[in-house]
Amino acid sequence: MKLKNILISTTLSLGITLPIGRLSKLDIDNYSYILEDEDITNNDLEECEGALLLVNKYNPLNDSYEPLDLKKPNIPFINNSIEEEKQMREVASNAIEELFRKAKDDGINFLATSAYRSYNTQNDIYLSRLEAKGKEYADKYVALPGKSEHQTGLSIDVTNERRNFTKKCKEAKWLASNSYKFGFILRYPKGKENITGISYEPWHIRYVGKKAAKEIFQNRITLEEYLKNKQYDLVRREIN
Ligand SMILES: [Zn+2]
């Protein structure tokens, strides 16, 4: 199919996202991009709309971004999880159920702690941490509202029954080795802090679809690097 130089406009506020992110601040409300490779389409890169949405401190979501297909996966959560954070986008919800099921078959029991968090919830978390521990601590450990990947509905934090999820525990090892089979990646790997901007988090996984997850896993890269590597295929041009 000939897709060369077709100009496509889209807006994030409609829940439509672009697969390719330049590693700089973008106007996420309104921009366009040009497909330059005739063989590669959005759909080839993304198994579901928005699966490759990049959220980090340079690419925040606006306060109105809310996934439309949130649902509650049938997996165990820790007791103090609130109802809102027990949800994920449908595709990620189905995938996490499969991951938990397969882990159990392998003798690994995960508990979920937090998945979707709205802009307002993230704001509340930041403010309460700011009040309790001060700005330096809050800035180091809590994402500012709009800059948390949990707002996408594609991320989830998990733990184990001992509530001690460290790099060396068997659950973390299983998660690091197997997540990609279900379309998830370890979003904040060790040694990549300078790229992700976030400290190593063995418990935080992000749904990106099986194709991207496998490539990211095999090449030991981050979502940022994956998207950057794909830039030769798609060139994004901001409006104006
Ligand atoms: Zn997380």
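The structure we're discussing is the one just above.
Small disclaimer: the values here were computed from a predicted structure and weren't measured.

Calculation rules
Residues numbered from 1 in each chain as written. Predicted model: local features only at pLDDT ≥ 70, side-chain atom pairs only at ≥ 80, totals over all residues. Heavy atoms only, no water. Donors = N, O, S within 2.8 Å, 3.2 Å for Na, K, Ca; no water. Tetrahedral: all angles 85-135°; square planar, octahedral: opposite > 155°, others 65-115°. Helix = DSSP H or I, 4+ residues; strand = E, 2+ residues; numbered from the N terminus. Buried < 20%, exposed > 50% of the residue type's maximum accessible area, 1.4 Å probe, protein only.

Engineer: Looking at this structure, how should I read the coordination of the zinc ion?
Structural biologist: In an ideal tetrahedron of four donors about a metal, each angle is 109.5 degrees. In an ideal octahedron of six donors, the angles are 90 or 180 degrees. Here the zinc ion is held by His150 (NE2), Asp157 (OD), Asp157 (OD) and His204 (ND1), and the distances to it run 2.1 to 2.7 Å. Every donor counted, the 4 donor atoms about the zinc ion form angles of 52 to 148° at the centre, which fits irregular coordination. Of note, the zinc ion draws all its donor residues from one chain, in the sequence arrangement H-x6-D-x46-H. One end of the pair, His150, is in the loop between α4 (135–141) and β6 (155–160); the other, His204, is in strand β8 (residues 204–207), with 54 residues separating them in the sequence.

Engineer: Help me out: how do you make sense of unusual backbone geometry in this one?
Structural biologist: Most peptide bonds adopt trans geometry, and most residues besides glycine take a negative phi value. Phi at Arg163 takes a positive value of approximately 55°, unusual for a residue other than glycine. In this fold, Arg163 is placed in the loop between β6 and α5 (170–178). Non-glycine residue Arg220 carries a positive phi angle of around 50°. Structurally, Arg220 is set in the loop between α7 (210–218) and α8 (223–229).

Engineer: Is there a simple way to explain the environment of Asn59 in this structure?
Structural biologist: Looking at the secondary structure, you find Asn59 in the loop between α1 (42–45) and β3 (70–71). The class for Asn59 is buried, based on a relative accessible area of 3%. In this structure, the C-alpha to C-alpha distance between Asn59 and Gly146, residues 87 residues apart in sequence, is 8.6 Å.

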